[in-house]
Every structure is written in C-alpha cells, then in structure tokens.
Amino acid sequence: MATPMTAAQVVAQLKKWGLRYVEIPNWTTHNRNQKGAWGPVNGFIWHHTGADVSNASAKSYAASTLYNGITGLPGPLCQFSIGVDGTIYLVGWGRANHAGGGDPAVLQHVIDEDYNSQLRPTKGNSNGTDGNAHFYGVEIQYSGSHAMTDAQYKAALRLSGAICDWHGWSAKSVIGHGEWSNDKWDPGYAPSKIMDMVAVRADITTTLAEGPDQEDDMPTADEIATAILKKDGIITVPGAPASNPTWTLSSVQTEILKRLDKVAATETAQSAAIAKLAQLVGSNVDTATVVSAVQKAIADAVVKVNVDVSGPAAA
C-alpha cells in the first residue's frame, strides 16, 4: 500500500531503469481523479490493447485511443503503453480506466504478496472491487492472440522493475488483467489464453535482482549498421586479419575508399597510356612497340598506388 508516484518521480524512474519513453502532450494532468480515488496503490496490472499496432502508428494510437478512450469508456485508458519496439508512451497520470472491477481476494493477495501460483479471480468488472484506484496499468500494443515482441516484453519487465523498485515491492505486486477480473484474459499469448504470469513474475524477479541500467541499451544507428555489415553474405572483405575477422564498420568504409582510390588511379593510368598510344601511332611505330609502351605506362602508374589488401585496413 503506497501513495502513487508523482509524474516527475515516474519519469526519474524510467530514466534510472534505462527505458526509452515518449510523453504524450498533457499526460501529467490527464486523469479520471474527478470520478474516484487514485491510491493508495497496491500493484501494477499488465494489459494488451486487443489490436496489433504498427510501430509507425504507436504514438498516434497512444495519443488518440488510449488518451481519449472509446465509446462508453473515457480516457485515459492507462498510465503507460508499450509499442512494438519497446518504447514507453506516457498517456496519463492519476486514475485511469484500465482495471475496472476485480476480485477483492486477489487485491488482498497482492497487498500481502503471499501467493505463488497464477491467480484465479471469481469476480469481474460488474461485481468487483474498484481496481482503478489501486493499480497502475500498462496497455501493451498487441492483439493478445500471439506473443508480444521481445522488445515489448523486455520493456514491460523493466517498467515493472522500475515501479516495484520505487515502492519496495516484489514481483508479486505485478499481475495480469486476467488475474484481476474473471471476465478478462489479457495479457494474452494465444486466442483467449492469458500469459503464464508465474513465469512473468519470475522474470521480473530476475530483472529486479539485476538492477537498473543508467543508459538506454537500445542499439545506435552505427551499431545497427555494423551488425548488418557483419552478417555473412552481405559484405565480404577479403584479407580480414585473424585479430579482426568480422571487420568493424570504420575499417570496411576505409577499405572501400582505398579501393575506389585505386580504381581512380588505374583510370588515370589508362588515360595516360591511351595518350601515349596515340602519340606513338602518330610516329608510325610498329604494333609491338605500341603494345609494350601501353603495358609499361599502365604498370608504372598502378604500382604507385598499389595497396596490400591482405592486411588490416586503417581504423
């Protein structure tokens, strides 16, 4: 049981735990507090949106459907949402329409953190305890008829870790919506099948034990490019040394530039040879002499720019 975090405190937790986030405009004051209590909070509920949302539409979905709500269910529909790439969207702060009614016995188990199995609620939205007052909620942007993406799952674990870390909770303060209400089955992994939340809580326990990261561990553009270049069959650089068998991005770029310089020098040599050929032909020299002169002119020019590509390229 605890006082909810402030908006500033939750942002600080997201940063502490290395989570990438996007703030929907006015999220810090967008809530349903005028309709009911917000707190004391006792836990965190995972939901799926019930629809697959593309990465390109993630922010607009959070800023429209989740922010505004739907017919008969005004927004915000959550405090957090997670896109397919693991980005956290901050939708509202305060009471949100996400949990609805649920089993008071489940609430007590969460408060006491005294259970080990999947929770089986006997009450639901129409006859249960008000969950919107007692839980933070995250809407994970996928249909539930299949698994969420690895990025979404990792972000959900770390978001759970950030919340539990702040309140001093264990993973047993994190439940699925289907564990709260008997008329729900989210978050799902197959049609009408809730995820194994016991396994989820085990992963959250591991996440909490590992602790927060200070930096976002999402790959940078350069790291992505390097990974692509290292893939077999995409780019092969002959002569990669044993000390650097896969080559770095910078060494590949350097090698390409060196070889382009060599091609340009060869073209210059060829132009010189052609000019020499024209000069010799104009002097009525025999063919053998012309060929010999052309070959020597090309060889002399190429030798000057020859690069040993069997060794490592400059970094």
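See the structure shown above.
Scope of this entry: the structure provided in the associated data block. If you're wondering where the values come from, they're calculated on a predicted model, not measured in any experiment. (Residues numbered from 1 in each chain as written. Predicted model: local features only at pLDDT ≥ 70, side-chain atom pairs only at ≥ 80, totals over all residues. Heavy atoms only, no water.)

### A few points about the environment of Gly 36
For clarity, the threshold we go by: Secondary structure elements follow DSSP: runs of H or I of four or more residues count as helices, runs of E of two or more count as strands, with numbering from the N terminus.
Its place among the elements puts Gly 36 in the loop between strand E1 (21-23) and strand E2 (43-48). In this structure the C-alpha to C-alpha distance between Gly 36 and Asp 130, which are 94 residues apart in sequence, comes to 9.2 Å.

### Some words on unusual backbone geometry
A cis amide bond links Gly 75 to the next residue, Pro 76, at an omega of 0°. Following the sequence through the fold, Pro 76 ends up in the loop between strand E4 (73-74) and strand E5 (80-82). At the junction of Asp 186 and Pro 187, the peptide bond is cis and its omega measures out at 0° in the coordinates. Along the chain, Pro 187 falls in the loop between helix H5 (177-180) and strand E11 (188-190). At Glu 113, a position not held by glycine, the phi torsion is positive, near 50°.

### Focus: the packing of helix H4 (residues 150-167) against helix H6 (residues 197-210)
Stated formally: Note on definitions: angles span 0 to 180 degrees between N-to-C directions of axes, and those axes are lines fitted to C-alpha atoms, for helices only across the stretch in contact. A crossing counts as left-handed when the near helix is turned anticlockwise from the far one by less than a right angle, and as right-handed when that turn is clockwise. Contacts are assigned to residue pairs with any non-hydrogen atoms lying within 4.5 Å of each other. Lys, Arg, Asp and Glu make up the charged group, whereas Ala, Val, Leu, Ile, Met, Phe, Trp, Tyr, Cys and Pro make up the nonpolar group; the residues left over, Gly among them, are polar.
Running from N to C, H4 and H6 point in directions that differ by 65°, and their axes come no closer than 9 Å. You can see that H4 and H6 cross each other, and the crossing is right-handed. Together, Tyr 153, Leu 157, Arg 158, Ser 160, Gly 161, Cys 164 and Asp 165 of H4 and Ala 199, Val 200, Asp 203, Ile 204, Thr 207 and Leu 208 of H6 make up the contact between the two elements. For the contact of H4 with H6, the per-class residue count stands at 7 nonpolar, 3 polar and 3 charged.

### A look at the layout of surface pockets
Note the threshold: A cavity, in this analysis, means grid points on a 1 Å lattice covering only the protein atoms where a 1.4 Å probe fits yet has no way out; a pocket is instead an open set bounded by protein on both sides within 12 Å along at least five of seven lines, and a residue lines either one if it has an atom within 4 Å of a point. Grid points are joined across faces, edges and corners, and a volume is the space filled by probe spheres set on the points.
Of the voids in this model, the largest pocket is the one considered here, and its volume is about 490 Å³. If you trace the largest pocket, you find 21 residues lining it, with Leu 73, His 98, Glu 139, His 177 and Lys 184 closest to the centre. For the lining of the largest pocket, the elements supplying multiple residues, two or more each, are E2 and helix H2 (58-68). Considering only residue class, the lining of the largest pocket consists of 7 nonpolar, 11 polar and 3 charged.

### A look at a nonpolar patch on the surface
Just so we agree on the cut-off: Candidates for patches are residues over 30% relative accessible area with no salt bridge; among them, like charges are joined within 9 Å and nonpolar side chains (Val, Leu, Ile, Met, Phe, Trp, Tyr) within 5 Å. Computed with a 1.4 Å probe, the accessible areas rest on the Shrake-Rupley method; for each residue, only the protein chains presented here act as cover. What makes a salt bridge here is a side-chain nitrogen of Lys or Arg within 4 Å of a carboxyl oxygen of Asp or Glu, nothing more. Relative accessible area decides the class of each residue, using a 1.4 Å probe on protein chains only: under 20% of the type maximum gives buried, over 50% gives exposed, and in between gives partly exposed.
Taken together, the side chains of Ile 256, Leu 257 and Leu 260 present a nonpolar region at the surface, about 300 Å² in accessible area. Along the chain, Leu 260 falls in helix H8 (residues 249-282). A relative accessible area of 52% places Leu 260 in the exposed class.

### Structural notes on the pairing of strand E9 (residues 135-140)
Threshold: A pair of strands is treated as paired once DSSP finds two or more bridges between them.
The element E9 is largely enclosed, with a buried count of 6 among its 6 residues. Covered by surrounding structure in E9 are Phe 135, Gly 137 and Glu 139 together with Tyr 136, Val 138 and Ile 140, the residues of both alternating faces. When E2 meets E9, the two strands line up parallel, connected through 6 bridges. Bridge pairing in E9 links Gly 43 to Phe 135. Alignment of E5 against E9, held across 3 bridges, turns out to be parallel. Paired with Ser 81 across the bridge in E9 is Glu 139.

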